Amino acid sequence: MFPVMLKEFFLKNKFMKATAIAPSNIALIKYWGKKDEKLRLPANSSISINLSGLKTITTVEFSPKYEKDEVIIDQKENAKEGKRVSQHLDRIRKLAKISLRAKVISKNNFPKSSGLASSASGFAALTLAGAQAAGLNLSQKELTVLARLGSGSACRSIPDGFVEWRQGKDSQSSYAYSLFPTDYWDLSIITTLVESGEKKVSTSSGHQLAKTSHFFKTRLKKINDKIVLLKNFIKEKNFLAFGELVEKEALEMHAIMLTSTPSLIYWQPATIEVLKYIQNLREAGLPVYGTIDAGPHLYIICERKNEKELINKLKKVEAIKKVIINRPAPGARLVS
């Protein structure tokens, strides 16, 4: 008991504080559906890219001056979100063997709860800042396991660049790691915002509907072969094969959503308009491909050499309200 008491004494007399920044990520091979809701174990492995232009910065401060956890996200308090953050802080407190309450201040540079994976960047930043503030010394693998318990895709925002999240068989074997570093392939990932506002059905709720689709089991039978193919396409920097697989994969995931009970439709008319537009660009000779997460916004992927031409083309599309340029990005980092 003495080490625990000593640590508690230290923390009570010298509170701990840390700040972390983490990127959102876009899945290239998606995961949709869970085999364990409590542990957030995915039904399949997935591959993603961290995004340089979509970030969350979070400060966690443990101190005896707080009688309860205080959670402020984008300058607002929200009881539902605050409860989820406190539950994650409880996991950190349990590991650190402390009981101090905390103040959490988090800010996104992009709209949250709109299909841009704000929970991924948010819980990745919360995990790293919270673990540091609590005095934990966790490996990157351990951080990804911990982040996954807060939000599944948050584990992919911990490592750098191109990331694989292994589905695993239990909590410790479901973790994320870097496949290729940020500078391995000079890609541009353009986020196109087509409408504002929070989505009506959360990603977590959507995952629970996946198994009601008749196509769900068929998808899982073929997903591992696609993962192997995509890894090879990235390794070889075969952009055309890479892009074709990624775009079809996104459409397949949304086919599961469309055929679930009840049907889940994240798309808006503008989503289809932009998707058709980039397909037309491709037919006209510009090699670009799209992918979509659980929301209405499209991510358009091209090689860096074609970025300028693509941006000029996108300026002509009235349905696109905002464009955010991303490159493959580092994972979660502590900042001063």
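Residues numbered from 1 in each chain as written. Predicted model: local features only at pLDDT ≥ 70, side-chain atom pairs only at ≥ 80, totals over all residues. Heavy atoms only, no water.

**Topic: the nonpolar core**
Phase 1 of the analysis: Val60, Phe62, Leu89, Ile92, Val104, Leu126 and Ala134 are the most contacted members of the largest nonpolar core, which totals 31 residues.
Phase 2 of the analysis: If you list the elements that add at least two residues to this core, you get strand E1 (16-29), strand E4 (46-62), strand E5 (70-73), helix H2 (79-96), strand E6 (102-108), helix H3 (118-133) and helix H4 (140-150).
Phase 3 of the analysis: Sorting elements by how many residues they give to this core places H3 first, with eight residues.
Phase 4 of the analysis: Leaving out residues up to four positions away in the same chain, Ile92 has contacts with Phe62, Leu126, Thr127, Gly130, Ala131, Ala134, Leu136 and Leu146.
Phase 5 of the analysis: Judged by nonpolar contacts, the second largest core, of 29 residues, contains Ile26, Phe110, Ile234 and Ile301. (Core = buried A, V, L, I, M, F, W, Y, C linked by side-chain atoms within 4.5 Å. Buried < 20%, exposed > 50% of the residue type's maximum accessible area, 1.4 Å probe, protein only. Helix = DSSP H or I, 4+ residues; strand = E, 2+ residues; numbered from the N terminus. Contact = heavy atoms within 4.5 Å.)

**A few points about the pattern of salt bridges**
Phase 1 of the analysis: Scanning the entire structure with this criterion turns up 17 salt bridges.
Phase 2 of the analysis: Measuring nitrogen to oxygen at the nearest pair gives 4.0 Å for the salt bridge that ties Lys65 to Glu61.
Phase 3 of the analysis: Taking relative accessible area as the criterion, Lys65 reaches 54% and is therefore assigned exposed.
Phase 4 of the analysis: Between Arg219 and Glu249 there is a salt bridge, with its nearest N and O atoms 2.8 Å apart. Separated by 30 residues along the polypeptide, Arg219 in helix H6 (residues 216-236) and Glu249 in helix H7 (residues 239-258) bring together distant segments of the chain.
Phase 5 of the analysis: In this structure Glu249 comes out as buried when scored by relative accessible area, which is 0%.
Phase 6 of the analysis: Connected via shared salt-bridge partners are Asp69, Asp90, Arg93 and Arg101. (Salt bridge = Lys/Arg side-chain N within 4 Å of Asp/Glu carboxyl O.)

**Here's the deal with H3**
Phase 1 of the analysis: In this model H3 runs 22 Å from its N-terminal to its C-terminal C-alpha over 16 residues, within 8% of the 22 Å that 1.5 Å per residue would give.
Phase 2 of the analysis: Burial within H3 is extensive, with 14 of its 16 residues counted as buried.
Phase 3 of the analysis: Trailing H3 by a residue or two, Gly135 shows a phi angle of about 85°, which is positive. (Expected span 1.5 Å × (residues − 1).)

**With respect to the packing of aromatic side chains**
Phase 1 of the analysis: Per the stated rule, a full pass over the model turns up eight aromatic pairs.
Phase 2 of the analysis: Between Tyr175 and Tyr177, the ring centres sit 6.4 Å apart and the planes meet at 45°, which makes this aromatic pair tilted.
Phase 3 of the analysis: The interplanar angle of 85° and the centroid separation of 6.2 Å between the aromatic rings of Trp185 and Phe239 together place this pair among those described as edge-to-face. Of this pair, Trp185 sits in the loop between strand E8 (176-180) and strand E9 (187-193) while Phe239 sits in helix H7, and the two are 54 residues apart along the sequence. Of the two residues examined, Trp185 and Phe239, each falls in the buried class.
Phase 4 of the analysis: Taken together, the ring pairs connect Trp185, Phe239, Phe242 and Tyr289 into an aromatic cluster.
Phase 5 of the analysis: In this structure, Lys141 is placed above the aromatic ring of Tyr175, and the distance from its NZ or CZ to the ring centre is 4.4 Å.
Phase 6 of the analysis: Between the NZ or CZ atom of Lys237 and the centre of the ring of Tyr184, over which it lies, the distance is 4.7 Å. (Phe/Tyr/Trp six-rings, centres within 6.5 Å; stacked < 30°, edge-to-face > 60°. Lys NZ or Arg CZ within 6 Å of the ring centre and 35° of its normal.)

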